[in-house]
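The residues making up each chain are set out below.
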Amino acid sequence: MKVDRRSFLSFVIGGAAGTALSPLPWKLMDDSSIWSQMWPWTPVPPDGEVIYEDTTCSLCPGGCGISVRKVDNRAIKIEGKKGHPINDGGICLLGLSGLQLLYGPTRIKSPMKRMGERGEGKWQKISWKEAATILSEKLGEIRNKGEAHTVAAISGAGGGTVPALLQRLLTAYGSPNFMRMPSQSSAEEPVLKGVFDEEGRLGYDLENADYILSFGSGILDGWGSPVRMFRANSQWKDNKVPVIQIETRLSNSAAQSSRWVAINPGTEADLALGIAAVMISKKMVRSGNISGFRGWKRELLAGYPAEKVSETTGVPVDVIVELAKGFGSAKRPLALYGRGKGVTAGSLREISAITALNALSGNINEEGGLWAVSQADYIRWPKVDTDKIASAGLSQPRYDGAGEDSSGLAQSLIHRIAGNINGEEPYQLQALLVAGANPCHDLPDSQGVNAALSKIPFIVSFSSFNDETAAMADLLMPDHVYLEKYEDVPVCAGLVKQVVGLSKPVVSPQFNTHHLGETLITTAKMMGDTIAGAFPWEDYETCLKETLGNKWDSLMETGVWEDSDVNTVAKKVKPAPLDTKIVTAEGDVNSFPLLLVPYDTIRISSSYIGSTPFMVKTVADTIIKGKDGFVEINPQTAEANGLKEGTIATLTTPRGGARVRIHLVHGIQPGVIAMVRGLGHTAYDGYLADKGVNINDLIGPVEDPSSGLDAAWGIRAKLDKA
Amino acid sequence: MKEQQHEAHVKGEQKQDRPVMRFGMAIDLDKCTGCGSCMVACMSENNVSFREDESNKQDSITWIRVYELTNGKSYPDTEVCYLPRPCQHCEGHDGHSPCVSVCPATATDYSRETGIVSQIYTRCFGCRYCMAACPYHARYFNWWDPIWPEGMEKYLSPNVSPRMRGVVEKCSFCFHRYQSAKDKAYLNGEKRVAEEAYQTACTQACPAGAIVFGDLNNPEHKVHKIVQPDPHNGNKSKNPRAFRLLERLGTNTKVYYMSDREWVRRAGDNYLAHEETGKISKPHH
């Protein structure tokens, strides 16, 4: 058949018109939008029965009560528990995103032993029995050589039975080297010992105070029990309580305070003493709860006139006088101590000055004041029966020298570990057990810490997550995460009353992990003799039940036990002599013209628990951009150094260097630069690793000669345009 | 005749039982600490996806986003304030919110029952007109398929459908919570959803208690008492601390912000130099 032009065109046009009039194109368009949306890989979450189960969050020392919403066996949402004494329904972003930790890819899914080189990431899955055998045999071998003291353990910031079991294992085994990561509790030890001359902890009666003077404490940046702090802050706003934030940088806490007093970095102690001197000279002192008051007063008035203090601190004289009047005339004033999240100890000089200020106002152990109370002491186990080897090991000096310095203020001086291992003194460590801690990332001078750990021949990590320290280990014996286990959660974190929460399993263990308490009891039993004898419990749950005694029932019922009837341990403050040494920043001013200070934010986790994907998602693009981290700098300083917003620069300190981007902010003192804590991870997963710089690579410990504690608050630095 | 009267009576009663609601928020910026808990509460409630690099904020999906405002003064007079921004659920003039007016697929609609601006993912075909129309950048496009790392899909909630590549999503005032609260109220024989029975995830989580949520039309609700909306003046708040974002556009939003600080209130709109904060020209319709 011959097709001519005419019939061809009629056919094509007719066909097109026909198709257009048929439902076909519309059907196809509809289908294509359905096809392009209903991909089989878009998950359809299964429905089921909804129930809520309550437990206690232990991701930070705050101890909030949480309610977990479940659909059948899946935990789908964490919410704050209404009516809980700490958070009453409120919750922070770390607590909210706990399920990303529970179900996330950073979990260590079974016990493993290292196959390749250290840090290479080659592991072999093993059974729990094999893992326990490797551990107990290795420990037995070291002990039989009479070197029990060369085994050390690093525990996280939390308290309760599990760290106590680890310490007990070490004692029965024969090592004095139980160390804790720095925390607000460990930072408070020197206050109690050095200033109150007692053991115990601090409580802040924030809700009843009517004038808050915060010496850089991150009220809204993670200091204390964060949700309690947020709630207290809102209460202060409602009651028009003045909140004075003294800080070099406009932190979130400073931004939301009633007044930000900008101060030269590291001069907080001088300002506190200056305020005290004005209070004394204006006769606004309400208490003689200071031992040696007359002599101290005389020296203080002579050494800290407002003009001199103003020169040191950069705070104008009239502001100093105003603060002294405000603090001195308030009914229930309260001064807070501990920069940022309060984890770094600070110098004895600073601790003493701020505590003395509280004492002068007469608020010690008073409503709305500072309380020196005893530690919750519900763990009452019989003393460990040590055999000959253990006694010999325990009589060896501690590896970090804690308790042996003339001051003896701290139970643990973990910042010394890198220096000691690298300097090979006082002896060589043979084995290290790490539980609930990530020293390779979280300790200052992290490069030194990594080098030191690589010299320890045997490292066991009990971490639930693929963190930097687990990557350095030889044996992984992963613990459950908090939503899978029973555990006591004693809460200190600046509360006046004693509070113990109970963590309960909300879901069954997701992977082949074991409760750390269980692992420790099993290991002790495998080692036999007096070590096994120190662990008479059948399993961890029995141990926990027996330890909590009559608290157990109420804990099972309400999830929290509280006691407002606290024992105060001391009232009289003994201030450190006024010539106590000032702790300055490391580095030489000429080669490092700038000053780098770390800062904390609630949106970035800076301890053992890494930030979750949701948390990292909330971080501003002026803190992380791609892989780059930022330093904050005053526009004036930036201009003088030829730096602009977003410029890439090299940041150098006496401890190391890093590539950074520049972020201009007005809220920072010229000459000072600031960088956030908690970034620059190399382990975990792509949601957290390789983002920003770990400030611990750039800063090292600076020991306060008066206490032995790490009191570093900054380091000298320089910025060069890359 | 009697029957008709009866019917009319029933209708009247129904109307009384279910008066028109306008759910909205009052956010106290002087209490907001910028902690970001609202953002994470929202993400975990609403199955919001996440990617390895979320530092390009233009395509980072955050139904509620906390912005940082500054007074621009130099050290040490600098001040900073945080402003959480959910979807503002604009009522516009008689339900003509900017996004609803432009959606060719009726994938987004203004509910006259609740005042909530909805988003129906399966209807959306990704033209993004609504994103262009929204003055608050409250809408986000799924440029990629959402992918949860292995195992993490376990925490996904069945109450909110996970979105797919090519659709727009935004804050729904946790509408699924309203649905379940309504179901519960019905089962209990209650005629209305109680204030505490329906709260958004961000309101519930906020550790500072800075967000108050409820029915702006209901004089019993806390949000109404705080905001005191003036129906004769485009629902402008009678509270001198309160303001809305870009009020002069006439978007008639249902999210009110509060601050004692004048510079913060002034940051809520584009003022000309001579204009007084809070005093803006009326929108034209």
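Just so you know, the residues in each chain are numbered from 1, in the order the chain's sequence is written. Here every chain gets a letter starting at A, and every ligand a number starting at 1, in the order they are written. A pLDDT threshold of at least 70 governs which residues receive local features in this predicted model, and a stricter bar of 80 or more applies before side-chain atom pairs are shown or counted, although totals over entire chains, interfaces and linings include all residues.

## Focus: the overall build of chain B
Secondary structure elements follow DSSP: runs of H or I no shorter than four residues count as helices, runs of E no shorter than two count as strands, and numbering proceeds from the N terminus. Tallying secondary structure elements over chain B gives eight helices and ten strands in all. Computation of the radius of gyration draws on C-alpha atoms, with the globule rule given as 2.2 Å multiplied by the number of residues to the power 0.38. Against the 2.2 N^0.38 benchmark of 19 Å for 285 residues, chain B shows a C-alpha radius of gyration of 20 Å, consistent with a compact globule. Seen through its principal axes, chain B has C-alpha atoms that stretch 75 × 55 × 35 Å. Among the 285 residues that make up chain B, the fraction classed as buried is 46%. Contacts in chain B between residues at least 24 apart in sequence constitute 60% of all its contacts with a sequence separation of at least 6. We call a residue exposed when 12 or fewer other C-beta atoms sit within 10 Å of its C-beta, buried when the count reaches 20 or more, and partly exposed for counts in between; the C-beta positions come from the backbone. We call two residues in contact when the distance between their C-beta atoms, placed using the backbone, is within 7 Å.

## So, the overall build of chain A
Helix and strand counts for chain A come out as 25 helices and 26 strands. Over its C-alpha atoms chain A spans a radius of gyration of 29 Å, differing by no more than 12% from the 27 Å that the globule rule assigns to 722 residues. Taking the principal axes of its C-alpha atoms as reference, chain A extends roughly 125 × 70 × 55 Å. Each of the 722 residues in chain A was classed as buried or not, and the buried ones make up 59%. Pairs at least 24 residues apart make up 74% of the contacts formed inside chain A by residues separated by at least 6 positions.

## As for the packing of helix α10 (residues 268–281) of chain A against helix α13 (residues 317–329) of chain A
Residue and element names in this part refer to chain A. Axis separation between α10 and α13 bottoms out at 9 Å; the angle between their running directions is 65°. Our classification of the angle between α10 and α13 gives roughly perpendicular. Read as a crossing pair, α10 and α13 show a hand that is right-handed. Side by side, α10 and α13 meet where Gly274, Ile275, Val278 and Met279 of the first sit next to Ile320, Val321, Leu323, Ala324, Phe327 and Gly328 of the second. When residues are sorted by character, Ala, Val, Leu, Ile, Met, Phe, Trp, Tyr, Cys and Pro go into the nonpolar class, Asp, Glu, Lys and Arg into the charged class, and all the rest, Gly among them, into the polar class. Considering only residue class, the contact of α10 with α13 consists of eight nonpolar, two polar and no charged. Only the contacting stretch of a helix is used when fitting its axis, a line to C-alpha atoms as for every element, and angles between N-to-C directions run 0 to 180 degrees. Here the word oblique covers every angle except those under 35 degrees (roughly parallel), over 145 (roughly antiparallel) and from 65 to 115 (roughly perpendicular). For any pair of crossing helices, the crossing counts as left-handed if the nearer helix is rotated counterclockwise from the farther one by less than a right angle, and right-handed if it is rotated clockwise.

## A word on the interface of chain A and chain B
Of the residues lining the interface, 62 residues belong to chain A; the matching set on chain B comes to 52 residues. Residue composition of the side of chain A that touches chain B, grouped by class: 31 nonpolar, 21 polar and ten charged.

## Details of the sheet that holds strand β12 (residues 333–336) of chain A
The strands making up a sheet associate through backbone hydrogen bonding, with each pair oriented either parallel or antiparallel. Residues and elements named next belong to chain A. One requirement defines pairing of two strands: DSSP has to find at least two bridges between them. Within the open sheet, the four strands sit side by side as β11-β10-β9-β12. Their pairing is parallel. Edge positions in the sheet fall to β11 (259–262) and β12, since each of these pairs with one other strand and no more. Pairwise comparison of adjacent strand axes, ignoring direction, gives a mean angle of 15° for this sheet. The pairing of strand β10 (residues 243–247) with β11 spans four bridges and is parallel. When the bridges of β11 are listed, Ile244 appears paired with Arg259.

## Brief notes about the domain arrangement of chain A
When its domains are assigned, chain A resolves into domain 1 (5–35), domain 2 (112–180 + 378–480 + 511–541), domain 3 (201–373) and domain 4 (594–721). Boundaries between domains were set according to an automatic or database domain assignment. Placing the centre of domain 1 of chain A and that of domain 2 of chain A at their C-alpha centroids yields a distance of 75 Å.

## Some points on the pairing of strand β15 (residues 458–461) of chain A
Residue and element names in this part refer to chain A. Direction of pairing for strand β14 (residues 431–435) relative to β15: parallel, over a ladder of four bridges. Each bridged residue has a counterpart across the sheet, and for Val434 the counterpart in β15 is Ser461. Sheet analysis places β15 next to strand β16 (residues 475–476), joined by two bridges and oriented parallel. Each bridged residue has a counterpart across the sheet, and for Ser461 the counterpart in β16 is Leu476.

## Digging into the nonpolar core
If you look at soluble globular proteins, the nonpolar side chains tend to sit buried side by side. To define a nonpolar core, we join buried Ala, Val, Leu, Ile, Met, Phe, Trp, Tyr and Cys residues through C-beta atoms within 7 Å and take the resulting set. Counting residues in each nonpolar core, the largest one holds 303 residues, and the members touching the most others are Ile212, Ala272, Ile275 and Ala276 of chain A together with Ile27 and Cys42 of chain B. If you tally residues by element for this core, the top one is α10 of chain A, at ten residues. With sequence-adjacent residues up to four places away left out, Ala272 of chain A is seen in contact with Phe215, Ala353, Ile354 and Leu357 of chain A.

## Quick word on the packing of α10 of chain A against helix α14 (residues 348–360) of chain A
Residues and elements named next belong to chain A. At their nearest, the axes of α10 and α14 sit 8 Å apart, and the two run at 25° to each other. Of the possible angle classes, the one that applies to α10 and α14 is roughly parallel. In this structure, the crossing between α10 and α14 has a hand that is left-handed. Contacts between α10 and α14 involve Glu268, Ala269, Ala272, Leu273, Ile275, Ala276 and Met279 on the former and, on the latter, Arg349, Glu350, Ala353, Ile354, Ala356, Leu357 and Leu360.

## Observations regarding the environment of Gly104 of chain A
Turning to its location among the elements, Gly104 of chain A is positioned in the loop between α4 (98–102) and β4 (112–114). For the pair Gly104 of chain A and Pro613 of chain A, spaced 509 residues apart in sequence, the C-alpha to C-alpha distance is 9.4 Å. Apart from residues lying up to four places away in sequence, Gly104 of chain A is in contact with Pro149 and Met152 of chain B.

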